[in-house]
Amino acid sequence: MTRENLIPRTKPKREGDTSDTIAALIPFWDMANHRDGTITTFFNMETQQVESSAQEDYKKGEQIFIYYGDRTNSDLMIHNGFINASNPKDKVSIKLGLSPSDVLFEKRAKLLELLSIPKNSELKVLPAPDFISPELLAFVRVFNMNEEQLDHWINSERAMDLLHIDCALETSLESKTWQYLQTRLMLLLRVFPQTLEEDEKQLALVKDQQVAMTSRAAMILEYRVLEKRILVAALDYAKQRTKA
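For clarity, every value in this text was computed on a predicted model and none was experimentally measured.

Enquirer: Could you give an account of the UniProt feature "domain: Rubisco LSMT substrate-binding" (unreviewed entry) in the protein, with specific residues and numbers?
Expert: Under the feature "domain: Rubisco LSMT substrate-binding" (unreviewed entry), the UniProt entry names residues 99-231. Secondary structure content for residues 99-231 is 58% helix and 5% strand, while the C-alpha to C-alpha distance between its ends is 25 Å.

So, in structure tokens, the structure goes:
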């Protein structure tokens, strides 16, 4: 799968095919390894070619890297077979949704629609210093609003302010929001059979070759450590906001 690349279709489509792209193999280029940076590969419609430029100057014999794009460690692990311990684009997804049995379901859904957030979403917990994505924060705020607050924001011209960390909200609503996030993050961490500290100790032993583990198992262990670090840091941040 990592060798497949979708490029604009140049030949006539087959009957029943509605796609404007086609899967292609790109020899040599598809062997380039990943390094953080910017995407420097594009499809030139005039020449009908994929063109890729170097991110920096290289000397003869040096390895050429490309940027695979804004991928989380879960994406890299599943689709590319590795993880990046210093991945600036890493994040953890939380599934949240509105219950149709909620008496305020329609109003919550309407406000979320104004914010371009689906009523059933995969929302992101981010590494420091952001911790909570704007969409996750806004969803939880809407989820904890009473009817009067929902009516106010649905009719407000400043509804998009709900995406901002410093949005002016009633103290009770802001407190409920951060308490909810705190509880949710704690529940996610409790699902794991080991704590972050226990995983970190085990990973250190593996890296020091004091404990034997297959390369795949070691990668999964390191991925779990990186995921937990994001969740633990976000939990600490939510606790601070709750106290504030």
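Past the structure itself, the notes keep going.
Enquirer: Kindly report on the packing of helix α5 (residues 171-190) against helix α7 (residues 215-243), identifying the contributing residues and their values.
Expert: Look at α5 against α7: their axes get within 9 Å of each other, and the N-to-C directions meet at 155 degrees. With respect to their mutual orientation, α5 and α7 come out roughly antiparallel. When you trace α5 past α7, the crossing you get is left-handed. For the pair formed by α5 and α7, the contact residues are E174, W178, Q179, Q182, L185, M186, L188 and L189 on the first element and K228, L231, V232, A234, L235, Y237, A238, K239, R241 and T242 on the second. Residues that form the contact of α5 with α7 fall into these classes: eleven nonpolar, three polar and four charged.

Enquirer: Could you give an account of the nonpolar core, naming the residues involved and the relevant values?
Expert: Of all hydrophobic cores here, the largest spans 42 residues; its most connected members are L111, I117, V125, I132, L136, L162 and L185. Those elements that provide at least two residues to this core are β7 (92-97), α2 (105-114), β8 (120-125), α3 (134-143), α4 (147-154), α5 and α7. Apart from the residues lying within four places of it in its own chain, the contact partners of L111 are V142, M145, L150, W153, I154, A159 and L162.

Enquirer: An account of the pairing of β8 is requested, with residue identities and associated values reported.
Expert: Taking every second residue as pointing to the same face, the buried face of β8 carries S121, L123 and V125, while none of N120, E122 and K124 on the other face is buried. Sheet topology places β7 next to β8; six bridges connect them, and they run antiparallel. If you follow V92 over to β8, its bridge partner there is V125.

Enquirer: Tell me what's going on with the environment of S133, and back it up with residues and numbers.
Expert: Structurally, the position occupied by S133 is in the loop between β8 and α3. Here the alpha-carbon distance between S133 and L123, two residues ten residues apart in the chain, equals 7.4 Å. Contact partners of S133, with chain neighbours within four places excluded, come to K124 and L126. Side-chain polar atoms of S133 contact the backbone oxygen of K124, separated by 2.9 Å.

Enquirer: Account for the side chain of S121, naming residues and giving values.
Expert: Mapped onto the elements of the fold, S121 is located in strand β8. A polar contact is formed between the side chain of S121 and the backbone oxygen of P118, at a distance of 2.5 Å. When neighbours within four sequence positions are excluded, S121 is seen to be in contact with I94, K95 and L96.

Reading guide: rules and limits
Residues numbered from 1 in each chain as written. Predicted model: local features only at pLDDT ≥ 70, side-chain atom pairs only at ≥ 80, totals over all residues. Heavy atoms only, no water. UniProt positions renumbered as here; feature names shortened; annotations may be inferred. Helix = DSSP H or I, 4+ residues; strand = E, 2+ residues; numbered from the N terminus. Axes fitted to C-alpha atoms, helices over the stretch in contact; angles between N-to-C directions. Parallel < 35°, antiparallel > 145°, perpendicular 65-115°, else oblique. Left-handed = near helix turned anticlockwise from the far one by under 90°. Contact = heavy atoms within 4.5 Å. Nonpolar A, V, L, I, M, F, W, Y, C, P; charged D, E, K, R; others polar. Core = buried A, V, L, I, M, F, W, Y, C linked by side-chain atoms within 4.5 Å. Buried < 20%, exposed > 50% of the residue type's maximum accessible area, 1.4 Å probe, protein only. Pairing = 2+ DSSP bridges. Polar contact = N/O pair within 3.5 Å; in protein donor to acceptor, adjacent residues only side chain to side chain.

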